[in-house]
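Here's the letter readout for the chains.
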Amino acid sequence: MRAERNRVGVIGGGLGGLASACVLAARGYAVTLFERSPWLGGKAAVLEEAGFRFDMGPTILTIPSVLRRIFSEAGRRLEDHLDLVRLDPQWRCFFTDGTALDLVEDVDAMTAALAAYAPGTGAAKGYRNFHALANRLHQISTRHFFWKSIGGIGDMIDWRAGFSTQLLGDVLNLRMGRSVAGTVRKFVPDARVAQMLDHFTQYVGSCPESSPAVLCGIAHMQTQEGVWYPRGGTRAVPEALARLGAELGVEYRTECGVKRVLTEPDGKRVRGVETDGGEVVELAAVVSNADSARTHRELLQDTAPRAAKRFESRRGYEPACSGVVLYLGLSRAYDHLLHHDFVFSRDPHEEFDSIYRRGEPAADPTCYLASTARTEPETAPPGGDALYVLVHTPYLRPHHDWKTMLPEYRRVILDKLKTTGQMPDIEDRIVYESALTPQDIHDRYRVLNGAIYGLASHGKWNGAFKPANRSPDVSGLYLAGGAAHPGPGMPMVLMSGWIAADALDADGLAPKGAPGAPRAATKKQFAGV
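Computed from a predicted model, the values in this text were never measured in an experiment. (Residues numbered from 1 in each chain as written. Predicted model: local features only at pLDDT ≥ 70, side-chain atom pairs only at ≥ 80, totals over all residues. Heavy atoms only, no water.)

(A) Here's a closer look at the packing of aromatic side chains. Counted under the stated rule, the structure contains 19 aromatic pairs. Where Phe95 meets Phe344, the ring centres are 5.2 Å apart and the plane angle is 15°; that geometry is what we call stacked. Of this pair, Phe95 sits in the loop between strand 7 (91-94) and strand 8 (100-103) while Phe344 sits in the loop between strand 16 (340-343) and helix 13 (348-358), placing them 249 residues apart in sequence. With a relative accessible area of 3%, Phe95 lands in the buried category. When its relative accessible area of 0% is taken as the criterion, Phe344 is described as buried. The structure contains a cluster of three or more aromatic residues connected by ring pairs, namely Phe52, Phe54, Trp91, Phe95, Tyr117, Phe200, Tyr327, Phe342, Phe344, Tyr368, Tyr388 and Tyr432. The aromatic ring of Tyr445 is capped on one face by Lys43, whose charged end is 5.9 Å from the ring centroid. Its guanidinium or amino end placed over the ring of Trp498, Arg69 lies 4.3 Å from that ring's centre, counting from NZ or CZ. (Phe/Tyr/Trp six-rings, centres within 6.5 Å; stacked < 30°, edge-to-face > 60°. Helix = DSSP H or I, 4+ residues; strand = E, 2+ residues; numbered from the N terminus. Buried < 20%, exposed > 50% of the residue type's maximum accessible area, 1.4 Å probe, protein only. Lys NZ or Arg CZ within 6 Å of the ring centre and 35° of its normal.)

What follows is the structure in C-alpha cells.
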C-alpha cells in the first residue's frame, strides 16, 4: 500500500481528466493520473497510416476561452502552446435538393446569405431573431450554469439572494418545456435552414426534437468565439495539456486502470483507489473522468453500494447516440468541400425517429465530414485528403452486431456521399480506409453502450442537466467528462474538468504542497492508437 493521502488522483486521461490534473497541479496539489490505455487524451486520439493522419474522435474546437482559462491557471498563454486556425465559413451544408449553404460566423453576413438562399420564407429575419434568443440563453447559462457544479435546477439559483426581477426573467427565458427543434422552427420555417440549426445539438449527441430549448444557446457560443482548428489536429489539445501537466509535476500512470474507488467502511468518504493490478493507492480525493454511470456501477458498487443506489435513483441515465466513423484516405481531394461539412438527410424527423426512438441506424443518414488537408496539407499525401466521415447511430442495443452490420451500412454512407454529397467517384479515390463502429467505441473507450457523447440531453424540462461534478453521496469524489455537468463536446468536457478541480480545491479535503518532480510525458503516451 502506498500511503499518499496528501495526493489526489484522477481516473482517466481524457480531456476532462487532463484538464482537472492541470488545474489541480497548478493550484499546488500533488496529482497522480491513472489511465488504462497506453495513450493520454481518450477519444481525442490519432490514426496515422499510409501517409494519412486522422483525428479519431472530436474534430471541431469551439469556445477556446475554456482552454485559455485552464492554461491561465498555470500562468501560461494558450497561444504559446497551440497554433489555432480560425475557420470561416464554419460549415458547408449539402441538401438533398442539390443546394449548398455555408454557415458563416458573422450574423449580419449570414442573414444576408439567407435572404438570397431562401427568399420570401422569413428565414433571414428569423435567423437574426433566433440568434438574439441564443444570445439570451447563453448569457443565462453563463450566470447560472457554467463554471460551477450543477446537478439540477435547484443548484443553478442562489435562493438566499432573493427572487429578483432578473432571476424571474432568466427562469422564463429558459423556455423550459420546449424543444430545440420546436424553437428553431418557430423562428425559421425553411426546412433546410432549420435542419442546419438543429445540428448545433449534435455536439451533445441528442435528438433536437427531445432536447430542451436552452441548448439553442450553443449557436451563440459558436458565433461569438468561432470555430477553430489546432494545427496538428484536435489531437494537439490533449498533447498540449499533457505537456502542461508534466511541467507542473503531474504523475501519469498509463496502462494502469482503476478497478475500484476505495472508501471508508461507511462508504461516505473516498480513501483511494485499487488498480487493475491489485495495487492500493491511498488518496485524499479522486476525480473520475470515467463515464459517471460506469463510475457508480463498476468502481463504487462494491465499496459504496448505498451511494451507487442513490445515484441510480436520482434520474434515468440514457446513453447519448453512438456513431460509425469512416477514415478515408483519398488520392485526390474534393474542391467543393470545406474543412467542416454536413451532408444532410432527406427527412430529419424520419432520421431522428430511427436513431433515437426505434434504436436503428437511419436508412438516409446525415453525414458529418472533416476534410482536413485544405487547412493542414500535411494530413495527406500531396493532392490527397484525409476525409473523416461520421454518421450518428443509436447507442448499442443487444441485437446490434456491427461486424455484420458495417459492410451494408458503409454502402449506405458512401451512396449518401455520392448523391447528396456530390462525390460520385469517391470509391475510385479511396486508397486507404479504416472504420470505427459503436462496438469499437464501446470496447476502446469504455463508455456507456458505445455512446460518443456520454448521457443524452433528452427531456424538455431537465434534459440539460447531468450528474453534478461534486458527488452528493461520497465526500472526496468528483466527476468530470461528457457524462457529467455541463455535458459533452470538447469545451464542455474541458470545463467539467476545471469545475471538478475547482470544487475539490474549494472543499479543502487535500493538503497542498510542492508538487513532485516534473515528469515528461513519453512519446508512447502521445501515440494515440
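(B) Representation of the packing of helix 11 (residues 292-299) against helix 12 (residues 305-314) within the structure. Across the interface, helix 11 lies against helix 12 with an axial gap of 9 Å and an inter-helix angle of 145°. Between helix 11 and helix 12 lies a crossing whose hand is left-handed. Contacts between helix 11 and helix 12 pair Ser292, Ala293, His296 and Arg297 from the former with Ala307, Ala308, Phe311 and Glu312 from the latter. For the contact of helix 11 with helix 12, a count of residues per class yields four nonpolar, two polar and two charged. (Axes fitted to C-alpha atoms, helices over the stretch in contact; angles between N-to-C directions. Left-handed = near helix turned anticlockwise from the far one by under 90°. Contact = heavy atoms within 4.5 Å. Nonpolar A, V, L, I, M, F, W, Y, C, P; charged D, E, K, R; others polar.)

(C) Molecular detail of the pairing of strand 11 (residues 258-263). Relative to strand 12 (residues 270-275), strand 11 runs antiparallel, the two being bridged by five bridges. Paired with Thr263 across the strands is Val270, a residue of strand 12. Count of turn residues in the strand 11/strand 12 antiparallel hairpin: six residues, of which Gly267 carries a positive phi of about 75°. (Pairing = 2+ DSSP bridges.)

Nothing here speaks to function; it is geometry throughout.
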